[in-house]
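Per-entry structural report
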Amino acid sequence: MVTLIQTVYQFLWGDLITLPLPGGAGISFSLLVLLLIPTGIYFTLRTRFLSLRLFKDMLRITLERKDGETTALSACQTLVVSTATRVGMGNLVGVVAAISAGGAGAVFWMWVTALLGSTTAFIEATLAQLYKEEDPLYGGYRGGPAYYMHKFFQKNKKQTRWFPLSVLFAISGLICWCGISQVISNSVASSFENAFNIPPLYSTIVLVILGAVIVLRKNATVKALDAIVPVMAGLYLLITVGVILLNIGQIPAVLERIFSEAFGLRQAVAGGIGAVIMNGVKRGLFSNEAGSGSAPCAAATAKTDHPAKVGLVQALGVFIDTIVICSCTAFLMLLAPDEITGSLAGMDLLQAAMGYHLGRFGVIFIAVILWLFSFSTFLGILYYARSNVSYLFGDSWAAQTAYKVLALVMLFIGGLAAYTIVWDLGDVGVGLMTIFNLIALYPMAGEALASLKDYEEKRAKGVL
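Computed from a prediction, not measured in an experiment: that's the story for all the values here. (Residues numbered from 1 in each chain as written. Predicted model: local features only at pLDDT ≥ 70, side-chain atom pairs only at ≥ 80, totals over all residues. Heavy atoms only, no water.)

1. Quick look at the pattern of salt bridges
Applying the stated criterion to the full structure yields eleven salt bridges. When the shortest N-O distance is used, the salt bridge between arginine 48 and glutamate 456 registers 3.4 Å. With a gap of 408 residues between them, arginine 48 in the loop between helix 2 (31-46) and helix 3 (50-53) and glutamate 456 in helix 21 (residues 420-461) connect regions that are remote in the sequence. Between glutamate 447 and lysine 155 there is a salt bridge, and its shortest N-O distance comes to 3.1 Å. Within this pair, whereas glutamate 447 is found in helix 21, its partner lysine 155 is found in the loop between helix 8 (145-153) and helix 9 (164-196), the two being separated by 292 residues in sequence. Several salt bridges share partner residues, and in doing so they unite Glu133, Asp135, Arg142, Lys151 and Asp395 into one network. (Salt bridge = Lys/Arg side-chain N within 4 Å of Asp/Glu carboxyl O. Helix = DSSP H or I, 4+ residues; strand = E, 2+ residues; numbered from the N terminus.)

2. Some remarks on the nonpolar core
Grouped together as the largest cluster of nonpolar side chains are 129 residues, with contacts concentrated most on Trp177, Tyr236 and Phe378. Looking at this core, the element that brings in the most residues is helix 19 (residues 360-393), giving 18 residues. Setting aside chain neighbours within four positions, we find tyrosine 236 in contact with Leu92, Ile325, Cys328, Thr329, Leu332, Phe365, Ile366, Ile369 and Phe373. Membership of the second largest hydrophobic core comes to five residues, among which are Ile27, Phe29, Val33 and Ile37. (Core = buried A, V, L, I, M, F, W, Y, C linked by side-chain atoms within 4.5 Å. Buried < 20%, exposed > 50% of the residue type's maximum accessible area, 1.4 Å probe, protein only. Contact = heavy atoms within 4.5 Å.)

3. Overview of a nonpolar patch on the surface
On the surface, Leu201, Tyr202, Ile205, Ile209, Val213, Leu216, Val405, Val409, Phe412, Ile413 and Leu416 cluster together to form a nonpolar patch covering roughly 910 Å² of accessible area. For the nonpolar patch, the elements supplying multiple residues, two or more each, are helix 10 (200-215) and helix 20 (397-416). Within the element layout of this structure, isoleucine 413 appears in helix 20. Exposure remark for isoleucine 413: the relative accessible area of 32% places this residue in the partly exposed category. (Patch = residues over 30% accessible without salt bridge, like charges linked within 9 Å, V, L, I, M, F, W, Y side chains within 5 Å. Areas by Shrake-Rupley, 256 points an atom, 1.4 Å probe, with all protein chains shown as cover.)

4. Remarks on helix 9
The terminal C-alpha atoms of helix 9 lie 48 Å apart, and with 33 residues this matches the ideal 48 Å at 1.5 Å per residue to within 8%. Asparagine 197 occupies a position one or two residues after helix 9 and carries a positive phi of about 60°. (Expected span 1.5 Å × (residues − 1).)

5. Observations regarding the environment of serine 191
On the secondary structure map, serine 191 appears in helix 9. Spatially, the C-alpha atoms of serine 191 and tryptophan 371 are 8.2 Å apart, while their sequence positions differ by 180 residues. Look past the residues within four positions of serine 191 in its chain and what remains in contact with it is Ala367 and Leu370.

6. Quick notes on the side chain of serine 51
The residue serine 51 is located in helix 3 in this model. Taking the relative accessible area as the measure of exposure, serine 51 reaches 9% and is therefore buried. Serine 51 has contacts with Met58, Leu115, Ser118 and Thr119, leaving out every residue within four places of it along the chain.

7. With respect to the environment of lysine 218
Within the fold, lysine 218 resides in the loop between helix 10 and helix 11 (220-246). Each C-alpha atom, one on lysine 218 and one on tyrosine 138, is 6.9 Å from the other, the two residues being 80 residues apart in sequence. Ignoring anything within four residues of it in the chain, the contact list for lysine 218 reads Leu137, Tyr138, Arg386 and Trp397.

8. Quick look at helix 19
A rise of 1.5 Å per residue sets the reference length of helix 19, with its 34 residues, at 50 Å; its end C-alpha atoms lie 49 Å apart and thus fit the reference within 8%. Along helix 19, the sharpest change in direction is near 30° and occurs at alanine 385. In terms of burial, helix 19 is largely enclosed, as 29 of its 34 residues are buried. Two residues or fewer after helix 19 comes glycine 394, characterised by a positive phi angle close to 80°. (Bend = angle between axes of the 7 residues up to and from the residue.)

Shown next, in the form of structure tokens:
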């Protein structure tokens, strides 16, 4: 089993093909990169650069107020849920790892990937809205890839209880989110041990108890995320933007370094341009989740007067995750002297950079913010899991509760020890989700594009 998981992991995320470059080196592509980047380019062209053209609409829709219904979510609340899962450990350590391996130029390619991925996020979220259904268990609505695949591919055919592609997606999602639960608790336990010398057992117990209190209650998850996500994102932006403003004189030099290393002759001749590009691209793909089919599970729960509105809000979520949050982390690192960060990696590197800027407070701040990022991710993935559990097992409180308990158990185990194979299993899960989701997105994209056209026509007439 371990060999099988590692083999599938390498197939999905390992170097599948390598293109030669000047200097004797090359640029390697994984299967997921080969699938997601062309998809992002295709949808960007089909939507006529939606992420730039309709950015004002994204902001306006996000600020729209929810109507009086209590069970369905607003488009903004689905953004909060999806942001909770997108903004996690990857926005901290993942960005640091990308820059450490690919240099400052990786940041530019991270930005490019986000702009492309936002259009993919629009397509899948709009489809989730178009094919949503009422949720008899939690109230409001439910849906996501498992549901829109099932309904689309069984149009004008004899209806069956399950559709194979939907089943594969739903199972992959549940596997992925259990694996992520372990990564979350292990990261939190490690950071608190480093910052406060708290034994992993104690921090893990507290994390599991808090998680259980929220996720085992019927509709407490969204309320908790409504409180946590704005606070954690606001605090992180406040502190990091403050650091950037204090070093505003160095920003032009940092930007010059990012752009020069993104296209730099020195990197190309040295054979490093491949690492620059691919580390930025992979960081962007891992972080924004566009195309994986996870965020549509939240997008389907929104009540809105037009499906494309929810798609636009989810496209904005990719922007917030990568262009804003990941960039703040990148600037924190690049503004610190190389002699401070040069020999470090991962969380140690980030805490050293923040320690340089803000002293001991910076080290503690990173530990606390990682806790908030990670805990909100756990709550968010269990919210996503609702629709997949319902698709596989029907309207069963027993099945819903059993999966939550399993995730809590994985959360506890992960805080005590790092099991690499389980982390790989999480990556395998998200990789398989992406493949199954993309199989559906191409034939179904026309419906999302038609919804976008209808939205723009109605907006031009002043109807929306």
